[in-house]
Amino acid sequence: MKFLDFHHHKRGAAGIYNLDLNEETPSSRFSAGLHPKDISPSWKSDFEKIKKISLSENCLAIGECGIDGLIDIDEKLQNDIFQAHVSWAEEIRKPIIIHCVRRFSQILHYKNAKIPLIIHGFNKKETIAKELLDAGFFLSFGKAASDNLSLQKLIKDFPLQKMFLETDNADFDIAMLYEKVSAIKNISEEELSRQMWENLENVIYYG
Ligand SMILES: [Zn+2]
């Protein structure tokens, strides 16, 4: 069974490969965006490049991009650049993969965007998850879900139709996460897998 790895950094995995800035466009499915940590004085030309790359048929989503409260980059600039990604994603009708660290209230301002919004690597509190869910966001869970008990409790009640699983940049087999989460949700790995692929279809061919 091929498990969907929604957001990953290793070429060849089944899912959406997160393209690095300055990397060649791959022949497999990928996403393109300016990670907040990669924001530099030349961000405008970087973003123009991302716009061009993202028109490729293999580019399934815009991102990861977002707002990070723990890095030393002006937050107004981070927000403006995230806004630019959202507008572009709406224009080319592709979902957006969001990196968010401690700035969920700002990200929630984008809840009315006309594209699916997916927060990747979610490992925060249930109250935040609930707020995001109510606002229509999808959440993608990574390695933390394998051992973080409060996150597992959250996942137990979280709607299957609004979630994804991912390795991100952690080095482990996504099959382990499917095993864990299917046990938490008391469903078979096959059913979990099928639903994750269906969710991918739903965010790509939305509306
Ligand atoms: Zn990542």
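Below is a short write-up of the structure.

For the rest of this paragraph, the subject is the sheet that holds strand β5 (residues 96–101). Ordered by their spatial adjacency, eight strands build an open sheet running β1-β2-β3-β4-β5-β6-β7-β8, and the pairing between neighbours is parallel. Every other strand in the sheet has two partners, leaving β1 (5–8) and β8 (163–165) as the edge strands with one partner each. On average, each strand axis in the sheet is inclined to that of its neighbour by 30 degrees, with strand direction left out of account. When β5 meets strand β6 (residues 117–119), the two strands line up parallel, connected through three bridges. The partner of Ile-97 across the bridge, within β6, is Ile-118. Its contacts with the sheet place helix α6 (residues 174–185) against β1, β7 (138–141) and β8, and it is angled at close to 140 degrees to β8.

Further remarks concern the packing of α6 against helix α7 (residues 189–204). Running from N to C, α6 and α7 point in directions that differ by 105 degrees, and their axes come no closer than 9 Å. Looking at the two axes, α6 sits roughly perpendicular to α7. Residues Tyr-178, Glu-179, Val-181 and Ser-182 of α6 pack against Glu-189, Leu-192, Ser-193 and Met-196 of α7. Tallied by class, residues from the contact of α6 with α7 come to four nonpolar, two polar and two charged.

Conventions adopted
Residues numbered from 1 in each chain as written. Predicted model: local features only at pLDDT ≥ 70, side-chain atom pairs only at ≥ 80, totals over all residues. Heavy atoms only, no water. Pairing = 2+ DSSP bridges. Helix = DSSP H or I, 4+ residues; strand = E, 2+ residues; numbered from the N terminus. Axes fitted to C-alpha atoms, helices over the stretch in contact; angles between N-to-C directions. Contact = heavy atoms within 4.5 Å. Parallel < 35°, antiparallel > 145°, perpendicular 65-115°, else oblique. Nonpolar A, V, L, I, M, F, W, Y, C, P; charged D, E, K, R; others polar.

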